[in-house]
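Structure at a glance
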Amino acid sequence: MIIQLEKEIGADELTGIELKLNEINFKSRRVTTQDADYLVCIGKEDFDIRNIGNLKGVKDIHRVSDDYKLVSKKWRVQESQIDLGDGVSIGNGAFQMMGGPCSIEGEENIRQTVEQLAKSGVKIMRGGVYKPRSSPYSYRGIGIEGLKLWHAICQEKGIKIISEIMEEKKLEEMYPYVDIFQIGARNSQNFNLLDAMGSIDKPVMIKRGMSGTLDELLYSAEYVFSGGNEKVLLCERGIRNYEKTYRNCFDINAIPILKEKTHLPVIADPSHGIGLRRHVPQIAYASAVAGADGIIVEMHACPQKALTDAKQTISFEAFEEMVKKVELLRGVLG
């Protein structure tokens, strides 16, 4: 059960609600976010919900049987929309493309990408400055100075930044320069990091774990939301299986199922989903048709020379064509 409290609820009113919950053997936890104040309640007793809903200080009340309660669509039927500022929003009808290199490589790489995004009418640039790599000898990112440079160039063109955070201790230094924090597949169940993301007032996109279920992804989102941050996005990026002819098994089923289960925006990552640049656009089109709220892809001026994920990185020309076709598809679908 979720109880939304009145904004100016008094101490006596809150105590009255908690006493009533104790009477029906429900435990409650107060969650205060950027947008509202809630009591998340756990219990098994059958009761008349009006006995709680009519109490002073209660704005709204909902039964939610899912263990992940705050991110469930069972209480918030209206889809969430995340406002990035400057007229850029994601979710509830607002669709966004995101593009950029796997790893930020330097000033020329940034400027080339920003120019292409502006040309394509895309407002969000992706890129990593700290990279989780399977091999310790692989390129691991340009670091905080590269992020500062990237941020300055993007601000000139009104481009927002989405970048991965790998550990809690990097949050303070990255915070001024990132518009959306990405939690990568390897960290999707790093609960200390998820707790830290719950304490900030910036959007967080959580990628599905390499072998993660949809419920596990929703539990991860619940960590962030219950920590006080309602600005959460989910990302389907494919899961591991026994097939070796492509990188991951992109779960197109996940998009409509997540849209059914949660009010949070759902983003598709076809680059990691298939891992082969020649097929990335087709998976992007399928994601748009399936109902994704956004698509994030890896692109580079010279994909073959990209420092990381070259095999799945598309060219600027392919990106521009993909953006146009996605817009056409969304227009046809209404």
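Look up a bit, the structure's there.
Thresholds, definitions, all that
Residues numbered from 1 in each chain as written. Predicted model: local features only at pLDDT ≥ 70, side-chain atom pairs only at ≥ 80, totals over all residues. Heavy atoms only, no water. Helix = DSSP H or I, 4+ residues; strand = E, 2+ residues; numbered from the N terminus. Rg over C-alpha atoms; globule rule 2.2 N^0.38 Å. Buried < 20%, exposed > 50% of the residue type's maximum accessible area, 1.4 Å probe, protein only. Areas by Shrake-Rupley, 256 points an atom, 1.4 Å probe, with all protein chains shown as cover. Lys, Arg positive; Asp, Glu negative; His and termini not counted. Charge placed at Lys NZ, Arg CZ, Asp CG, Glu CD. Contact = heavy atoms within 4.5 Å. Axes fitted to C-alpha atoms, helices over the stretch in contact; angles between N-to-C directions. Parallel < 35°, antiparallel > 145°, perpendicular 65-115°, else oblique. Left-handed = near helix turned anticlockwise from the far one by under 90°. Pairing = 2+ DSSP bridges. Core = buried A, V, L, I, M, F, W, Y, C linked by side-chain atoms within 4.5 Å. Phe/Tyr/Trp six-rings, centres within 6.5 Å; stacked < 30°, edge-to-face > 60°. Lys NZ or Arg CZ within 6 Å of the ring centre and 35° of its normal.

Moving on, we get to the overall build of the protein. The helix and strand tally for the protein stands at 11 helices and 15 strands. Against the compact-globule benchmark of 20 Å for 334 residues, the protein has a radius of gyration of 21 Å, which places it among compact chains. Taking the principal axes of its C-alpha atoms as reference, the protein extends roughly 65 × 40 × 40 Å. Of all 334 residues assigned to the protein, the portion counted as buried reaches 55%. Of the roughly 15300 Å² of accessible surface on the protein, 47% is carried by carbon and sulfur atoms. The positive charge centre, built from 44 side chains, and the negative charge centre, built from 47, are 5 Å apart in the protein.

All right, on to the side chain of Ser-287 then. Relative to the helices and strands, Ser-287 is located in helix 10 (residues 280-290). Setting aside residues up to four positions removed in sequence, Ser-287 forms contacts with Phe-250, Ile-252, Ile-255, Ala-268, Ala-292 and Ile-295.

This part takes up the side chain of Gln-182. Positionally, Gln-182 belongs in strand 10 (residues 180-183). If near-sequence neighbours (up to four positions away) are discounted, Gln-182 is found in contact with Arg-126, Ile-162, Ser-163, Glu-164, Ile-165, Met-205, Lys-207 and Ile-296.

Time to look at the packing of helix 3 (residues 107-120) against helix 11 (residues 316-333). Packing of helix 3 against helix 11 leaves a shortest axis separation of 10 Å and a crossing angle of 25 degrees. Classified by the interaxial angle, the pair formed by helix 3 and helix 11 is roughly parallel. Like other packed secondary-structure pairs, helix 3 and helix 11 cross with a definite hand, here right-handed. On helix 11, the residues touching Gln-112, Thr-113, Gln-116, Leu-117, Lys-119 and Ser-120 of helix 3 are Phe-316, Phe-319, Glu-320 and Val-323.

The antiparallel open sheet is built from 4 strands, whose spatial order is 2-3-1-4. If you trace the sheet from one side to the other, it starts and ends with strand 2 (27-32) and strand 4 (58-62), each paired once. Going from strand to strand, the sheet's axes swing by 20 degrees on average, the running direction of each strand aside.

It is worth spelling out the environment of Glu-6 at this point. Note that Glu-6 resides in the loop between strand 1 (2-5) and helix 1 (11-23). For the pair Glu-6 and Val-58, spaced 52 residues apart in sequence, the C-alpha separation works out to 5.8 Å. When sequence neighbours within four positions are dropped, the list of residues in contact with Glu-6 reads Gly-57, Val-58 and Lys-59.

Here the focus is the environment of Glu-216. Positionally, Glu-216 belongs in helix 7 (residues 214-226). A relative accessible area of 31% means that Glu-216 is categorised as partly exposed.

With that out of the way, let us pick up the nonpolar core. Counting residues in hydrophobic clusters, the biggest one holds 71 residues, and the most contacted among them are Met-197 and Phe-319. In terms of residue count, helix 7 provides more of this core than any other element does, 6 residues in total. Among all residues touching Met-197, those that are not within four sequence positions of it are Ile-165, Leu-171, Phe-181, Ile-183, Val-204, Val-224 and Asn-229. Met-1, Phe-26, Ile-52 and Ile-61 belong to the second-largest nonpolar core, a separate cluster that totals 15 residues.

A separate point is the packing of aromatic side chains. Applying the stated criterion to the full structure yields 6 aromatic pairs. Measuring from centroid to centroid gives 5.4 Å for Tyr-38 and Trp-75, while their planes differ by 80 degrees, and the two rings are edge-to-face. Here the residue Tyr-38 occupies a position in strand 3 (residues 37-42), and Trp-75 occupies one in the loop between strand 4 and strand 5 (82-85), the gap between them amounting to 37 residues. Comparing Tyr-38 with Trp-75 shows no difference in burial state: the two are buried. For the pair Phe-191 and Tyr-223, a centre-to-centre distance of 4.6 Å together with 25 degrees between the ring planes defines the contact as stacked. With a gap of 32 residues between them, Phe-191 in helix 6 (residues 191-198) and Tyr-223 in helix 7 connect regions that are remote in the sequence. Judged by its relative accessible area of 33%, Tyr-223 falls in the partly exposed class. Following the ring pairs from residue to residue traces out a cluster consisting of Tyr-38, Trp-75 and Phe-225. Here Arg-63 stacks its cationic end above the ring of Phe-47, 4.9 Å away from the centre of that ring. We note Lys-202 situated over the ring of Tyr-175; from NZ or CZ to the ring centre the distance is 4.4 Å.

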